[in-house]
Amino acid sequence: MRRTLALTVGMLAVSVLVVIAPPADAAPRTAPGHDPVSHATGVDTRAEQDAVRAFWTTKRMRDAVPMGPERPLAEPGSASGPEPGMSDPSLSTAWTVGRDTVGKVFFQLGSWIYVCSGNAVDDIEDAVATPNLVVTAGHCVNDGGSTFATNFLFVPRYDATKPATSGQPLGTFAATRLTTTSQWAAQGSQRFNFDVGMALVGSNENGATLAAAIGGTSDIGFVSGDPGSTGSVDYSETTHSFGYPAAAPYD
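Residues numbered from 1 in each chain as written. Predicted model: local features only at pLDDT ≥ 70, side-chain atom pairs only at ≥ 80, totals over all residues. Heavy atoms only, no water.

Engineer: Could you clarify how one ought to interpret the state of the cysteines in this entry?
Structural biologist: What we call a disulfide is simply a covalent bond connecting the sulfur atoms of a pair of cysteines. What the rule picks out here adds up to one disulfide. Between the sulfur atoms of C116 and its disulfide partner C140 the distance amounts to 2.0 Å. Residues C116 and C140 share a disulfide whose torsion about the S-S bond is about -80 degrees; that sign makes it left-handed. Residue C116 is found in strand β6 (residues 112–123), and its partner C140 is found in the loop between β7 (133–136) and β8 (150–156); the two are separated by 24 residues along the sequence. A relative accessible area of 5% means that C116 is categorised as buried. Here C140 falls in the buried class, since its relative accessible area comes to 0%. (Disulfide = S-S within 2.5 Å. Helix = DSSP H or I, 4+ residues; strand = E, 2+ residues; numbered from the N terminus. Buried < 20%, exposed > 50% of the residue type's maximum accessible area, 1.4 Å probe, protein only.)

Written out as structure tokens, the structure reads:
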């Protein structure tokens, strides 16, 4: 049976990532040279994770720049900052009901601080529970090269209009490892088709895993191999996407 899933990714406008798992009896496909690019953040201990939390003051969170898929080439203090992200003219009415698995991703690239959307997920295809996994966009974990984000923090159900005690009701989760696709890191002509990032995060301030704090995760499935060669897989399914878009008409 084929399953289709919409996931949140960290674009400025709501973006759609369709992940379709192959039939259970399908032969695995491989794509040599397309292994993910992974990076250990060095934020493994409780003290190191608390330091990331301390970095993200309320002011920094509100000052963080929404991150678009363009490479952040402008230097801090220059005349122009990061360019705005792209907007999809086909976007429809925003949902007003929140989802516990969705939150904001805060991170640093160089001297710039940024914000994206993220979603707590687990792989439905394997038998191993991964209670601390976040999916976002590739440009929210990697600059499209060799530089990975630092001070990466996921805040599910983030609400900037409320104080931290209620605007971060499920706690905060610092990344211990970041991963993106080799195609995004290589910045080839198809890079935006592979603009996907993953973050493995630690427990929150109370020692709870992400899945335990949320009470569950969104399901995610993977198709191995090059999407261009998976002729039997239908990528045209209609999906819904959840996140924190910064482009008009959203606030």
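Engineer: I would appreciate a short explanation of the packing of aromatic side chains in the present structure.
Structural biologist: Aromatic ring pairs: the centre-centre distance and the angle between the two ring planes describe each pair. One pass over the structure, following the stated rule, counts seven aromatic pairs. For the ring pair W184 and F192, a centre distance of 6.0 Å and an interplane angle of 50 degrees mean the geometry is tilted. By relative accessible area, W184 is classed as buried at 1%. Chaining the aromatic ring pairs together yields one cluster made of F55, W56, F106 and Y158. When the ring centre of F55 is taken as origin, the NZ or CZ atom of R60, which lies over that ring, is 4.1 Å away. (Phe/Tyr/Trp six-rings, centres within 6.5 Å; stacked < 30°, edge-to-face > 60°. Lys NZ or Arg CZ within 6 Å of the ring centre and 35° of its normal.)

Engineer: When you look at helix α1 (residues 46–55) in this model, what are you seeing that I'm missing?
Structural biologist: For an α-helix, 3.6 residues make a turn, and residues three or four places apart therefore share a direction. Every buried residue of α1 is accounted for by Q49, V52, R53 and F55. All buried residues of α1 project into a common sector of 160 degrees when viewed along the axis, lining one side. Those residues of α1 that are exposed and aimed more than 90 degrees away from the buried face are A47 and A54. Packed against the buried residues of α1 are α2 (58–63), β5 (102–109), β6, β8 and β9 (173–180). (Arc of directions from axis to C-beta. Contact = heavy atoms within 4.5 Å.)

Engineer: Just checking my understanding: could you explain the nonpolar core for this structure?
Structural biologist: Generally speaking, a soluble globular protein has its nonpolar side chains buried in company with each other. In terms of nonpolar packing, the biggest core is built from 24 residues, with F107, F152, L178 and L210 touching the most fellow members. Going through the elements one at a time, β5, β6, β8, β9, β10 (197–201) and α5 (210–214) are the ones with two or more residues in this core. Here this core gets four residues from one element, more than from any other, and that element is β6. Other than its neighbours up to four places away in sequence, L178 contacts V37, S38, H39, T41, V141, F148, A149, F152, M198 and A199. (Core = buried A, V, L, I, M, F, W, Y, C linked by side-chain atoms within 4.5 Å.)

Engineer: It is not clear to me how the pattern of salt bridges should be interpreted in this structure. Could you clarify?
Structural biologist: Side chains that differ in charge, positive against negative, can pair when their charged atoms come close. Across all of its chains, the model carries six salt bridges by this definition. Between E205 and R53 there is a salt bridge; the shortest N-O distance is 3.8 Å. Here E205, found in the loop between β10 and α5, pairs with R53, found in helix α1; they are 152 residues apart in sequence, far enough to count as distant. Looking at E205, the relative accessible area reads 30%, which means it is partly exposed. Across the salt bridge formed by D63 and K59, the nearest N and O atoms sit 2.5 Å from each other. In this pair, D63 and K59 both sit in helix α2, four residues apart, roughly one turn of the helix. Judged by relative accessible area, which is 41%, D63 ranks as partly exposed. What emerges from the salt-bridge pattern is a single network uniting R46, D50, R53 and E205. (Salt bridge = Lys/Arg side-chain N within 4 Å of Asp/Glu carboxyl O.)

Engineer: Whenever I open this one, the pairing of β6 confuses me. Can you help?
Structural biologist: On any regular strand, side chains alternate: one points to one face of the sheet, the next to the other face. Counting buried positions over the twelve residues of β6 gives twelve, a clear majority of the element. Where strand β4 (residues 65–66) and β6 come together, two bridges link them in parallel fashion. Counted as the bridge partner of V65 is Y114 from β6. Of the pairings in the sheet, the one linking β5 to β6 comprises eight bridges and is antiparallel in character. Bridge pairing links V102 to N119 in β6. In this structure, the hairpin formed by β5 and β6 is closed by a connection of two residues, where G110 is found at a positive phi of approximately 65 degrees. Bridge count between β6 and β7: three bridges; the pairing is antiparallel. Its bridge partner lying in β7, V121 is registered against L133. Sheet analysis places β6 next to strand β11 (residues 218–220), joined by three bridges and oriented parallel. For V121, the partnering residue across the bridge sits in β11 and is S218. (Pairing = 2+ DSSP bridges.)

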